[in-house]
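Breakdown of the fold
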Amino acid sequence: MPKKKILLVDDSHTVLLLHRMMLSHCGYELLTARDGQEALDKAFVERPDLIFLDVLMPRLDGFQTCRALRLRSEMKDVPIILVTTRGEPHYVRQGFESGCTDYITKPFDGEELLAKVRSHLEEARPS
C-alpha cells in the first residue's frame, strides 16, 4: 500500500523543518512548498492526501490557495488544515469560508499535530 502524502506549506523554512520533525516517524511521505503558488503546482502533480497550509505567505496567502485548490475537482475532498498564528474569530471564519477542513493556531505541539493528521487521514479518501 502506498504511503499517504502530506503537503506542508509554509514560507518559513524553520516551521517546515519543525513540521517534518514532528511527522517524520509516522510513515507518511512528506512534501513541502514555500508559498501558495508552489503549493498549487505540487498539489496538482503529487495529489496529496492531506495539506497543511500556512495563512500568511507571499504571492498567494493560505485563504487564496485554499480557494484555488477547492476549485479543482480532484482537490475538493482533500483535507486542508489552515495553520496560523491568527486565532481571532474573523480569521477562523475566513478560513472555513475559503474551504478549509480544519484550522489550527500556532504554536501547537506535536501531539496536537499528529491527532489532527490521524483524524483527517482516517476520514480521507483511500489512496
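Going by the structure above, here's the rest.
Reading the values: the criteria
Residues numbered from 1 in each chain as written. Predicted model: local features only at pLDDT ≥ 70, side-chain atom pairs only at ≥ 80, totals over all residues. Heavy atoms only, no water. Buried < 20%, exposed > 50% of the residue type's maximum accessible area, 1.4 Å probe, protein only. Helix = DSSP H or I, 4+ residues; strand = E, 2+ residues; numbered from the N terminus. Arc of directions from axis to C-beta. Contact = heavy atoms within 4.5 Å. Polar contact = N/O pair within 3.5 Å; in protein donor to acceptor, adjacent residues only side chain to side chain.

Glancing now at helix H2 (residues 36-46). Every buried residue of H2 is listed here: Gly36, Ala39, Leu40 and Ala43. Mapping the buried residues of H2 onto a view down its axis gives an arc of 100°, with all of them on the same face. Looking at the buried side of H2, the elements it contacts are strand E1 (5-9), strand E2 (29-33), strand E3 (50-54) and helix H3 (62-70). The N-capping residue of H2, defined by a side-chain oxygen 3.0 Å from the backbone nitrogen of Gln37, is Asp35. Just past H2, the residue Arg47 takes up positive phi, approximately 55°.

Glancing now at the side chain of His19. Position of His19 among the secondary structure elements: in helix H1 (residues 13-23). If we skip the residues at most four places from it in the chain, His19 touches Leu8, Val83, Phe108 and Leu113.

None of the figures reported here should be taken as evidence of function without further support.
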